[in-house]
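# Reading the structure
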Amino acid sequence: MCWGNRLPKKPFTFIVDTHMTSEESSKMEKIISLCKRRGFIYQGSEIYGGLAGTWDYGPLGVALKKNIENLWWKRFVTDREDMYGMDAAILMNQNVWKASGHVDTFTDPLVEDVKTNKRYRADHLLEDAGVDTKGLSIEKMNALLVEKKIKSPDGNPVGEVRLFNMMLKTNVGPVADETSISYLRPETAGGMFVNFKNIVDTFHPKMPFGMAQIGKAFRNEIAPRDFIFRVRELEQMEIEYFVKPTTWEENFESFRKEVWNFTEDIGLNKEHVHELEVADGDRAHYSKRTIDFEFDFPFGKKELYGLAYRTDFDLTSHAKASSVDLSYYDEENKERLVPHVIEPSFGLGRSILAVLSDAYSEDELGGEKRSFLKLSPKVAPNLIAVFPLLKNKPALVEKAREVYKELKKVFTRVSFDDNGNIGKRYRRQDEIGTPFCVTIDFDTIEKDNTVTVRDRDTGEQVRVAISDLVSHIEKKVV
Ligand code: GAP
């Protein structure tokens, strides 16, 4: 799908990539439609026809996002003693991005349709024509576009490939001149490097140690596509881990395992995650080694996360450009050195899309077809939904409210649902991935103080005493 410069006429029509099978595109369409129908993700600025590459998260999308963020923060920050959390400003001094190399080299190859002037990623057009674009120079891309007679999606010839800087530029303050230029940060990393000295001076950390932050980044992607996979306003969860130069390999390996552990935290199927050793020539300008963690999205195997060895590139560049000493005094060996950096970088939106793709399921239950999200209880927006069997029986509603309040104290992610008949409620909760539904019926109030607990994946129902409800659910979610 390419929503680059042509806004979709119908906001949630998924334009089929030429390389996608109809089954793959239909799965994406179903996920996108479920996301809108159930309040996970809406198109950005939808009532005005949208703004390409932007998406708005509704109540359930935010809940899913926060659960993923919290698992990441727990694994990489609060469960460790060597990590310092951060939340740096998005707008930074333009010299940060000059020193980091982004002003000069943060570019993508762009071609223009000679008739419509619409712009496309040259490498994407080549990939759609079956070309492996890894490591291709601009000259080679130009040659291949001619050789393969590649046209724009509108069927017109395209011009020469040129490099397009992806940073979104703005001016800060009342005067718009060269000195007031700033950029919406293209990665969260920069905010950590410029605070390296602050963390060292304030906390005197022993190496190795890391800084971590979760936040927005902005990239003026030529062709945002594939729903929330490639967007212009994204969220990253990043770590800059500072190590002695001689120990980079062992720290790289340790984070390699941690990336896998995190994919398990959020419930991804390990068989759908793959490592790709990024070749010389394909790595970012700062990296000496990079592993991309790829995921089998419905539209193909694509980058989910990255793990890079950035050497001392960042601290050395910022020290030179700012004239501030960014070296570190190692008490143990009584030596001053410039730390090297291991950087695990996680896209939050891509995590959400991977989770949704793995969770989306269809089956037949009780003779009826259903679609549901098989989300891990750790990330599901709601862990439990509590229902009174009938909403017009005050005794049932009162008891259900009581049970709801008690469960909420323990599990927090608990919702109350009395809308529509019980079948409709189950269907709704299945579709948003709620692992357990608790129903209060006449036996509860008239007989034995038990409720039914229904399992989302099997539809099986068991009766559980209200006094045992918390431990029953706790056992299932550990
Ligand atoms: N600091 C290193 C860095 O930013 P990157 O490979 O450009 O490296 C890291 O980005 C991660 O951010 C990617 O693995 C991906 O998960 C996410 N990401 C990058 N560009 C994105 C985009 N346009 N839309 C959504 N996620 C994106």
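I will try to describe carefully the structure that is included in this document.

About the cut-offs
Residues numbered from 1 in each chain as written. Predicted model: local features only at pLDDT ≥ 70, side-chain atom pairs only at ≥ 80, totals over all residues. Heavy atoms only, no water. Helix = DSSP H or I, 4+ residues; strand = E, 2+ residues; numbered from the N terminus. Rg over C-alpha atoms; globule rule 2.2 N^0.38 Å. Buried < 20%, exposed > 50% of the residue type's maximum accessible area, 1.4 Å probe, protein only. Contact = heavy atoms within 4.5 Å. Areas by Shrake-Rupley, 256 points an atom, 1.4 Å probe, with all protein chains shown as cover. Lys, Arg positive; Asp, Glu negative; His and termini not counted. Charge placed at Lys NZ, Arg CZ, Asp CG, Glu CD. Near = heavy atom within 4 Å. Polar contact = N/O pair within 3.5 Å; in protein donor to acceptor, adjacent residues only side chain to side chain. Nonpolar A, V, L, I, M, F, W, Y, C, P; charged D, E, K, R; others polar. Pairing = 2+ DSSP bridges. Axes fitted to C-alpha atoms, helices over the stretch in contact; angles between N-to-C directions. Core = buried A, V, L, I, M, F, W, Y, C linked by side-chain atoms within 4.5 Å. Parallel < 35°, antiparallel > 145°, perpendicular 65-115°, else oblique. Left-handed = near helix turned anticlockwise from the far one by under 90°. Phe/Tyr/Trp six-rings, centres within 6.5 Å; stacked < 30°, edge-to-face > 60°.

## Notes on the overall build of the chain
Along the backbone of the chain there are 15 helices and 24 strands. A compact globule built from 478 residues would reach a C-alpha radius of gyration of about 23 Å, and the chain, at 25 Å, matches this within 12%. With respect to the principal axes defined by its C-alpha atoms, the chain has extents near 75 × 65 × 50 Å. For the chain, with 478 residues in total, the buried portion stands at 52%. Considering only contacts in the chain between residues 6 or more positions apart, those separated by 24 or more positions represent 66%. Within the structure as shown, the chain displays about 22400 Å² of accessible surface, and the carbon and sulfur contribution to it stands at 50%. Charged side chains of the chain number 69 positive and 77 negative; the gap between the two group centres comes to 4 Å.

## Section: the site of the ligand
Close to the ligand lie 19 residues; E187, R219, E238, E303 and L304 are nearest. With respect to the ligand, the backbone of F229 contributes an N or O atom lying 3.2 Å from a nitrogen atom. Here the ligand loses 90% of its free accessible area of 550 Å² to cover by the protein chains. Those elements that provide at least two residues to the shell around the ligand are β11 (233-243), β14 (300-311) and β17 (340-347). At five residues, β14 tops the list of elements feeding residues into the shell around the ligand. Here the residues of the shell around the ligand are counted per class, giving six nonpolar, four polar and nine charged.

## Things to note about the sheet that holds strand β12 (residues 273-277)
Spatially, seven strands are ordered β3-β10-β11-β17-β14-β13-β12 in an open sheet, and the strand pairing comes out mixed. The open sheet has two edge strands with one neighbour each: β3 (83-86) and β12. With strand direction ignored, the average angle separating the axes of adjacent strands in the sheet is 25°. Bridging between strand β10 (residues 209-218) and β11 involves 10 bridges; their strand directions are antiparallel. Among the inter-strand pairings, Q213 is bridged to a residue of β11, identified as E238.

## Brief notes about the sheet that holds strand β8 (residues 168-171)
Spatial strand order, β4-β9-β8: three strands in an open sheet with antiparallel pairing. In the strand order of this sheet, the two ends are held by β4 (91-93) and β8, each with one partner. In this sheet, adjacent strand axes meet at a mean angle of 40° when their direction is disregarded.

## A word on helix α13 (residues 422-431)
Every buried residue belonging to α13 is among R425, Y426, Q429, D430 and E431, and all of these are buried. Following α13 by one or two positions, G433 has its phi on the positive side, about 85°.

## Considerations on the nonpolar core
Among the nonpolar cores identified, the biggest contains 61 residues, and F40, I68, W72, F227, F262, I266 and I342 are the most heavily contacted of them. Counting residues in each nonpolar core, the second largest holds 20 residues, with L383, V414, F416 and L469 among its members.

## Overview of the side chain of T311
Within the secondary structure layout, T311 lies in strand β14. Here T311 is in contact with Y286, K288, P339, H340 and V341, once residues within four sequence places are set aside.

## Topic: unusual backbone geometry
The step from M207 to P208 runs through a cis peptide bond, and the omega angle for that step is 0°. Among the structural elements, P208 can be located in the loop between α8 (196-203) and β10. Here H204, not a glycine, exhibits a phi torsion of approximately 45°, which is positive. Residue position: H204 is located in the loop between α8 and β10. The exposed category is assigned to H204, whose relative accessible area is 61%. Phi at T311 is positive, roughly 50°, even though this residue is not glycine.

## Quick word on the packing of helix α12 (residues 394-411) against helix α15 (residues 469-477)
Two numbers describe how α12 lies on α15: the axes approach to 11 Å, and their chain directions differ by 45°. Between α12 and α15, the interaxial angle falls into the category oblique. Where α12 crosses over α15, the two elements pack in a sense that is right-handed. Contacts from V403, L407, V410 and F411 of α12 reach α15 at L469, V470, I473 and E474. Of the residues assigned to the contact of α12 with α15, the class counts are seven nonpolar, no polar and one charged.

## Some remarks on the packing of helix α2 (residues 59-78) against helix α11 (residues 348-359)
Between α2 and α11, the shortest axis-to-axis distance is 10 Å and the interhelical angle comes to 110°. Relative to α11, α2 is oriented roughly perpendicular. Facing α2, whose interface residues are L64, K65, I68 and E69, α11 presents L348, S351, I352, V355 and L356. Grouping the amino acids of the contact of α2 with α11 by side-chain chemistry returns six nonpolar, one polar and two charged.

## Considering the side chain of T290
Position of T290 relative to the elements: it lies in strand β13 (residues 289-297). A distance of 2.6 Å separates polar atoms of two side chains, one belonging to T290 and the other to S287.

## Concerning the packing of aromatic side chains
For any pair of aromatic rings, the description consists of the separation of the ring centres together with the inter-plane angle of the planes. Taken as a whole and judged by the stated rule, the model has 26 aromatic pairs. Seen from their ring centres, F209 and F242 are 5.4 Å apart, and the 40° between their planes marks the pair as tilted. Residue F209 is located in strand β10, and its partner F242 is located in strand β11; the two are separated by 33 residues in the primary sequence. For the pair F209 and F242, a shared accessibility class is recorded, and that class is buried.

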